[in-house]
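So the chains spell out like this:
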Amino acid sequence: MSKLDINDLVDNKTGRQSRLIFHEQQVYEQEQEQIFGRCWLFLAHESQITKPGDYFRTFMGEDEVLVVRQKDQSIKAFLNTCTHRGNRICKADNGNARRFVCNYHGWSFGPDGSLTGVPLEEDAYHNQLDKSKFGLKQVAQVSSYKGMVFGTFDPEAPSLEDYLGEMKWYLDVWLDAMPEGTELIGSAQKVEYPVNWKLPVENVCGDGYHLGWAHAGVMTVASSMNIDSLSVGNTDIDSSTAMSVTGMNGHSVLSTLDGYAGYAFYPEPQLAVDYLDANRDTVSSRLGELRGNKFWGSQINLTVFPNVQMLPGLNWFRVYHPKGPGKMEMWTWAMVDKEMSDELKQMILDNVCRTFGAAGMFDNDDGDNLIACTTQNRGWQTRHQDIYTNMAMGKERSDPDMPGIISDGLIGEQNQRFFYRRWQEMMTAESWDQVPDYNSLEEARATEKD
Amino acid sequence: MSGPLPALNPVDAETYLTFQNLLFGEARLLDNEQYEDWLEMLTDDVHYYMPMPSRYNRDEKDSSKHPLEANIFNDKKKHLQLRVDRFRTNFVWSENPQNQLCHLISNIEVFPTDLEGEWKVLSMVTVYRNRLDGEERRMIVSRTDTWRVEGDKVKLALRNMVFNHAVVPDSNLNVFF
């Protein structure tokens, strides 16, 4: 098959995507190199690895990595593969290790990734092995933003702060709202789907349209508050009470503006409502009235390009790990404010497992839709059809008080369009110099591809 | 009875058969989606609990251990009722057309407890699902139950479940185990 021209596969001006981007192995391989090989990817939450030697095993694209807390409290990450014959070094999900020993021939590596022990080094290798050349391959850059540890394989990538850009203003609504910040609780709920990794990102980053329809069942039984911008069955909505925000280098936000609806899908949300009321002044003093009153406590979907999503209120945090063009693993944790009482944390944990996660009633609605959007592309005629995210094009606006490009309402496709725009920009750029930087409507228009 | 359970269950054959019939009957109700009848088999204070599996090395502790646990299920009766209510809205598209569902029950063991009218019952359930265009999924769950006499019935008061999969192999868990 000839090489596909990525420029033809996505058209931002019409909101078009070729379905080949969800199916073709060569597109997928290019994603591994151009997107997962260069973008900042979520590695761990600081609260998961607090003591020296604490480690967490995860993925960056399809590359398996170990994220390890060092003696000096810094964090390193390296490929989970022995430099001798390539075996996997660590099979546990997490733990605390003084060294990582390969099961194959017993080579051992320190928490910093250096090769420290080789059995029969003298008798068999005749001391000819230069151990300093066989340390584990390091992730080029590792950096944290307010508790979230990210890494990139690309030494040329911009700093994490620059990569997040204006998205930080919105991320802080969760990560920096309360003085002590956030923590993840427990291990990840891992679910394997036969789904292309982009589809669940698209589903959560901006698609409020599906909520009232795909989730009509659970919304009927689990809603404890009215959300004016949503309705079961998508019968009528008030778009003035919510917004989607994007631009911001491909990151995006979908949010109500009521300050409470994050807890709308808790059958009994009173404990959470009390927490919001008790702490709103604190948050407003830290983040200002706008974020304190309108965003904090609202139903917010935060997406960091390419594959991280956080929903304060529903209080889950998620990463999608690609496993081939037609498969991915979804890892979901509960994330809470450290200041919350154990009683509230427990209530949140229990609601996370009822709403999102393996047995979550919302997640259990999404699976089949996203699977079919992927597997239907096995048909040659089907995958040579284009699909569109073209709702409300040209209705974007700016707001002097908030960063990003804004469209009113929860129901829209602006964020999805920018997700695919960023995807295309990363897929086609040969270096970071060619990746446009935009955080406003003007910048986004000025850098738009013809 | 506290401490480790003995290798052989000490209940008489009649008691054992009673619980075998209860578990088989329960499985049939779930296969037939008779969820309201199933809820009737549970005590009002039932605790339906499935913690998250985590795989860590034998000689290390689970560093993700938090005083609070993440679970797949941690439901009281009202939450199980909520899940049933969702099915009954007829808006759960993934259950339409109806999926083939079989609860295969095995490894049943019955132990008396220190409390009169209360038993500890161990069993395993293999949930076999055949969905969509014949896609097959099989999930195996180990169950440790407490069953208790309530009125003229024996009801399920606690189900502690071990989900024997590191990664959930299906797109939804629209099932009870």
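Criteria and thresholds
- Every chain's residues receive numbers from 1 upward, in the order its sequence appears when written.
- Lettering for chains starts from A, numbering for ligands starts from 1, and both go in the order in which the items are written.
- Local features in this predicted model are restricted to residues of pLDDT 70 or higher, and side-chain atom pairs are both shown and tallied only at a pLDDT of 80 or more, whereas totals for entire chains, interfaces and linings draw on every residue.
- Excluded from the side-chain calculations are hydrogens and water; all other atoms, namely the structure's heavy atoms, are used.
- A run of H or I in DSSP becomes a helix once it reaches four residues, and a run of E becomes a strand once it reaches two; helices and strands are each numbered from the N terminus.
- Radius of gyration: over C-alpha atoms. The globule rule applied is 2.2 Å multiplied by the number of residues raised to the 0.38 power.
- For every residue, the accessible area obtained with a 1.4 Å probe (protein chains only) is divided by the maximum for its type, and the residue is called buried under 20%, exposed over 50%, and partly exposed between those limits.
- Any two residues whose heavy atoms approach within 4.5 Å at even a single point are treated as in contact.
- Here, Shrake-Rupley sampling with a 1.4 Å probe gives the accessible areas, and only protein chains in the shown set may cover a residue.
- The term polar contact refers here to a pair of N or O atoms within 3.5 Å; inside protein, the definition further demands a hydrogen-donor-capable atom paired with an acceptor-capable atom, and it admits residues adjacent in sequence only when both atoms are side-chain atoms.
- A quick way to say it: buried area is the sum, across both parts, of accessible area lost when two parts are put together, with a 1.4 Å probe.
- Salt-bridge detection follows one rule: a side-chain nitrogen of Lys or Arg within 4 Å of a carboxyl oxygen of Asp or Glu.
- Gly counts as polar in this scheme, as do all residues outside two lists: the nonpolar Ala, Val, Leu, Ile, Met, Phe, Trp, Tyr, Cys and Pro, and the charged Asp, Glu, Lys and Arg.
- A residue's pLDDT is the confidence the predictor assigns to it, expressed on a 0 to 100 scale.
- Whether two strands pair depends on DSSP finding at least two bridges between them.
- Delimitation of the domains relies on an automatic or database domain assignment.
- What makes a patch is a set of residues exposed beyond 30% relative accessible area and free of salt bridges, joined within 9 Å when like-charged and within 5 Å when nonpolar (Val, Leu, Ile, Met, Phe, Trp, Tyr).
- Positive: Lys, Arg. Negative: Asp, Glu. His and the chain ends are not part of the count.
- To locate a charge, take atom NZ for lysine, CZ for arginine, CG for aspartate or CD for glutamate.
- Take the buried Ala, Val, Leu, Ile, Met, Phe, Trp, Tyr and Cys residues and link them wherever side-chain atoms come within 4.5 Å; each set so joined is a nonpolar core.
- To obtain an axis, a line is fitted to C-alpha atoms, over the contacting stretch when the element is a helix, and the angle between two such axes runs from 0 to 180 degrees between their N-to-C directions.

**A closer look at the overall build of chain B**
- Counting its secondary structure elements, chain B contains 3 helices and 6 strands.
- Of the regular secondary structure in chain B, the N- to C-terminal order runs α-α-β-β-α-β-β-β-β.
- Its C-alpha atoms give chain B a radius of gyration of 17 Å, within 12% of the compact-globule value 16 Å for 177 residues.
- Its C-alpha atoms give chain B principal-axis dimensions of about 45 × 45 × 30 Å.
- A total of 177 residues make up chain B; the buried ones form 49% of that total.
- When contacts within chain B are restricted to residue pairs at least 6 apart in sequence, long-range pairs at least 24 apart make up 63% of them.
- Entry remark: accessible area of chain B is about 8900 Å², with carbon and sulfur atoms responsible for 50%.

**Examining the overall build of chain A**
- Helices and strands together make up the secondary structure of chain A, namely 14 helices and 22 strands.
- The globule rule puts the C-alpha radius of gyration for 450 residues at 22 Å, and the 22 Å found for chain A is close to it.
- The principal-axis extents of the C-alpha atoms in chain A amount to approximately 80 × 55 × 40 Å.
- Across the 450 residues that make up chain A, the buried fraction comes to 63%.
- Sequence separation of 24 or more characterises 66% of the internal contacts of chain A that already satisfy a separation of 6 or more.
- Working note: accessible area of chain A is about 16600 Å², and carbon and sulfur atoms make up 46% of it.

**Brief notes about the side chain of A:Gln17**
Residues and elements named next belong to chain A.
- Relative to the helices and strands, Gln17 is located in strand β2 (residues 16-18).
- There is a polar contact of 3.3 Å between the side chain of Gln17 and the backbone oxygen of Gly15.
- Side-chain polar atoms of Gln17 contact the side chain of Thr389, separated by 3.0 Å.
- In this structure, Gln17 is in contact with Leu9, Val10, Asp386, Ile387, Thr389 and Tyr420, ignoring residues within four places of it in sequence.

**A look at the interface of chain B and chain A**
- Between chain B and chain A, the residue contacts involve 41 residues of the former and 48 residues of the latter.
- For the chain B face of the interface with chain A, the top three residues by lost area are B:Leu68, B:Leu82 and B:Arg86, together amounting to 16%.
- Run the count over chain B and chain A and you get 4 salt bridges.
- A salt bridge links B:Arg131 to A:Asp368, with the nearest nitrogen and oxygen atoms 2.4 Å apart.
- Looking at the side of chain B that touches chain A, the elements that each hand over two or more residues are β2 (71-75) and α3 (77-88) of chain B.
- For the side of chain B that touches chain A, the leading source of residues is α3(B), giving 6 residues.
- Of the residues belonging to the side of chain B that touches chain A, the class tally is 16 nonpolar, 13 polar and 12 charged.

**Focus: the environment of B:Asp37**
- With respect to the secondary-structure elements, B:Asp37 resides in helix α2 (residues 35-40).
- Between the C-alpha atoms of B:Asp37 and B:Glu26, which are 11 residues apart in sequence, the distance is 8.9 Å.

**As for the environment of B:Leu80**
All names here are of chain B.
- Among the secondary structure elements, Leu80 is positioned in helix α3.
- Relative accessible area serves as the criterion here: at 0%, Leu80 is assigned to the buried category.
- Separated by 33 residues in the primary sequence, Leu80 and His47 have C-alpha atoms spaced 9.7 Å apart.
- Those residues within four positions of Leu80 in sequence are excluded, and the remaining contacts are Trp38, Leu39, Leu42, Val46, Tyr48, Asp75 and Phe176.

**Structural notes on the confidence of the model for chain B**
- When pLDDT is averaged along chain B, the result is 91; 95% of the residues meet or exceed 70.
- Mean pLDDT across the elements of chain B ranges from a minimum in β2(B), with 93, to a maximum in α2(B), with 98.

**What to know about the sheet that holds strand β20 (residues 386-388) of chain A**
Residues and elements named next belong to chain A.
- Across the sheet, which stays open at both edges, the 3 strands sit in the order β1-β2-β20 with antiparallel pairing between neighbours. Looking along the sheet, the strands with just one partner apiece sit at the ends: β1 (10-11) and β20.
- For β2 and β20, the ladder comprises 3 bridges, and the chain directions are antiparallel. By the bridge assignment for β20, Ser18 is matched with Asp386.

**Description of the domain arrangement of chain A**
All names here are of chain A.
- With domains assigned, chain A is organised as domain 1 (41-143) and domain 2 (166-446).
- Inter-centroid distance (C-alpha atoms) of domain 1 to domain 2 is 33 Å.
- On the side of domain 2, 16 residues touch domain 1, which itself brings 12 residues to the contact.
- Interface area lost by domain 1 to domain 2 is led by Phe42, His45 and Phe59, which between them contribute 43%.
- Inspection of the region where domain 1 meets domain 2 yields 1 salt bridge.
- Linking Asp93 and Lys190 is a salt bridge whose minimum nitrogen-to-oxygen distance equals 3.4 Å.

**Focus: the pairing of strand β11 (residues 141-145) of chain A**
All names here are of chain A.
- With 5 bridges connecting them, β11 and strand β12 (residues 148-152) associate as antiparallel partners. The partner of Ser143 across the bridge, within β12, is Phe150.
- Linkage of β11 to β12, two consecutive antiparallel strands, is achieved through a turn of 2 residues, within which Lys146 is found at a positive phi near 50°.

**Looking at a negative patch on the surface**
- On the surface, A:Asp162, A:Glu166, A:Asp437, A:Glu442 and A:Glu443 cluster together into a patch of negative charge.
- Here A:Glu166 shows up in the loop between α3 (160-164) and α4 (167-175).

**Some thoughts on helix α2 (residues 25-34) of chain A**
- Looking only at α2(A), the buried set comprises A:Val27, A:Tyr28, A:Gln30, A:Glu31, A:Gln32 and A:Gln34.
- Contacts made by the buried residues of α2(A) are with α1 (6-9), α5 (198-205), β18 (316-322) and α13 (414-428) of chain A.

**Some thoughts on the nonpolar core**
- If you look at the biggest cluster of nonpolar residues, it comprises 166 residues, and the most contacted ones within it are A:Tyr170, A:Met310, A:Phe317, A:Trp423 and B:Phe177.
- It is strand β19 (residues 328-337) of chain A that provides the largest number of residues to this core, a total of 7 residues.
- Formed jointly, this core draws a minimum of three residues from each of two domains, domain 1 (41-143) and domain 2 (166-446) of chain A.
- Setting aside its immediate chain neighbours within four residues, A:Met310 contacts A:Met148, A:Leu171, A:Trp174, A:Leu175, A:Ile300, A:Asn301, A:Leu302, A:Val304, A:Trp316, A:Phe317 and A:Met335.
- If you look at the next biggest cluster of nonpolar residues, it comprises 17 residues, including A:Cys82, A:Cys90, A:Ala92 and A:Val118.

**Let's talk about the sheet that holds strand β4 (residues 54-60) of chain A**
All names here are of chain A.
- Strand order in the open sheet made by the 4 strands is β6-β5-β4-β7, with antiparallel pairing throughout. Whereas interior strands pair on both sides, the edge strands pair on one side only; in this sheet they are β6 (75-79) and β7 (94-96). Neighbour-to-neighbour, the strand axes of the sheet open up by a mean angle of 25°, direction not taken into account.
- In the sheet, β4 pairs with β7 via 3 bridges, with the strands oriented antiparallel. Bridging across to β7, Phe56 finds its partner in Asn94.

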